[in-house]
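# Report on the structure
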Amino acid sequence: MTTSPTVLAEVESGVLKLTLNRPDKLNSFNEEMHLALRSQLERAHEDEEIRAVLLTGAGRGFCAGQDLGDRDPRKNTERPDLGHTLETFYNPALRLIRALEKPVICAVNGVAAGAGANIAFACDIVLAAKSAKFIQAFSKIGLIPDAGGSWTLTRILGEPRAKALTMTAEPLLAETAAEWGLIWKALDDDALLPEASALAQRLAAGPTLGLGLTKRLIQEAANRDFDSHLDAECDCQRQAGRSDDYAEGVTAFLEKRPAQFRGR
Ligand code: LHQ
């Protein structure tokens, strides 16, 4: 596992809290931060003790996307291969977030720009501080919305809003993002981390297998017709029904006590 000061990692009560930590650069990504985030996401896949992930940023920003200082065109004569950066760094991290069959909560503590915004949108439950804003900054520098943005924004918002946000790069306030269904909730700034941590801990104490299957089904829904999706639900429910947590959940209900899920 790569440990690096650019991504602070701590595990508490089954929650892996990851804090993007280059606050002077609004937590924009350099190679070290990419590798550290990937390594922590791989750890979340492998470690059974981890039952939820909480992603946030240090300082006043969440993440300003790629560190633009890394590829100063004034210093380089050759044109860069940005596709290589996506293949090597962003896409594997985004795939790890979506494939992780455990809840990923994102606490957007401040501005989220470019790939930073779209990494947040790839998480399962997104909470944002009311002072935070989301900026599809790509068009300001001649790029396309990457890190899944052109997919996520279109799926969630539809073409008109997706096109306007990406072509104008106008900031979207957290409260509007919540009204539009792009994130779960906009919270008072002081309430963000306490609420996000409480939510992450609640989910980490939940029936991890069932939550993971729920995530898988919801993500796959748009790719199937209703009939075949009913079959997929059937397969997943069969699996969930054989879990220890289902037996515990029903037993706890019948005994009128809180369930003690173990994530199995
Ligand atoms: C930064 C950055 C930054 C370096 C703030 N880099 N220093 C994928 C494939 C490969 C390559 C290209 O990219 C991608 C995906 C992408 O993410 S493309 C989009 C990249 N991101 C942007 O274009 C956003 C650039 N940043 C901004 O527009 C502003 O900083 C925002 C609107 C995010 C915040 O504005 P302010 O609140 O006014 O803060 P600021 O601009 O003063 O930034 C604070 C510091 O952070 C400042 O450094 P300084 O030394 O002057 O205090 C900035 O230079 C630095 N910073 N973003 N992406």
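Anything mentioned here points back to the structure above.
So, a few notes on the structure that sits alongside this text.

Criteria and thresholds
Residues numbered from 1 in each chain as written. Predicted model: local features only at pLDDT ≥ 70, side-chain atom pairs only at ≥ 80, totals over all residues. Heavy atoms only, no water. Salt bridge = Lys/Arg side-chain N within 4 Å of Asp/Glu carboxyl O. Buried < 20%, exposed > 50% of the residue type's maximum accessible area, 1.4 Å probe, protein only. Helix = DSSP H or I, 4+ residues; strand = E, 2+ residues; numbered from the N terminus. Core = buried A, V, L, I, M, F, W, Y, C linked by side-chain atoms within 4.5 Å. Contact = heavy atoms within 4.5 Å. Near = heavy atom within 4 Å. Polar contact = N/O pair within 3.5 Å; in protein donor to acceptor, adjacent residues only side chain to side chain. Areas by Shrake-Rupley, 256 points an atom, 1.4 Å probe, with all protein chains shown as cover. Nonpolar A, V, L, I, M, F, W, Y, C, P; charged D, E, K, R; others polar.

### A short note on the pattern of salt bridges
- Scanning the model with the defined rule gives twelve salt bridges in all.
- In this structure, the salt-bridge partner of arginine 74 is aspartate 72, at a minimum N-O distance of 2.9 Å.
- The class for arginine 74 is exposed, based on a relative accessible area of 77%.
- Between lysine 163 and glutamate 159 there is a salt bridge, and its shortest N-O distance comes to 2.7 Å. Note that lysine 163 and glutamate 159 are positioned in helix 5 (residues 159–168) at a spacing of four residues, about one turn of the helix.

### Comments concerning the nonpolar core
- Membership of the largest hydrophobic core comes to 62 residues, with the highest contact counts inside it found for Leu20, Leu55, Phe62, Val108 and Phe134.
- Not counting residues up to four positions away in its chain, the partners in contact with leucine 55 are Leu18, Leu20, Leu37, Phe62, Ile105, Cys106, Ala107, Ile119 and Cys123.
- With five residues, the next largest nonpolar core counts Leu213, Leu217, Ala232 and Ala240 among its residues.

### Remarks on the site of the ligand
- Among the 25 residues in the neighbourhood of the ligand, the closest are listed as Arg60, Ala64, Gln66, Leu68 and Asp146.
- Interatomic distance of 2.9 Å between a side-chain N/O atom of arginine 60 and an oxygen atom of the ligand.
- Within the backbone of leucine 68, an N or O atom sits 2.9 Å from a nitrogen atom of the ligand.
- Here the ligand has 1,000 Å² of accessible area as a free molecule, and 66% of this is covered by the chains.
- For the shell around the ligand, the elements supplying multiple residues, two or more each, are helix 2 (82–99) and strand 6 (111–113).
- With four residues, the top contributor of residues to the shell around the ligand is helix 2.
- For the shell around the ligand, the residue count by class is 14 nonpolar, five polar and six charged.

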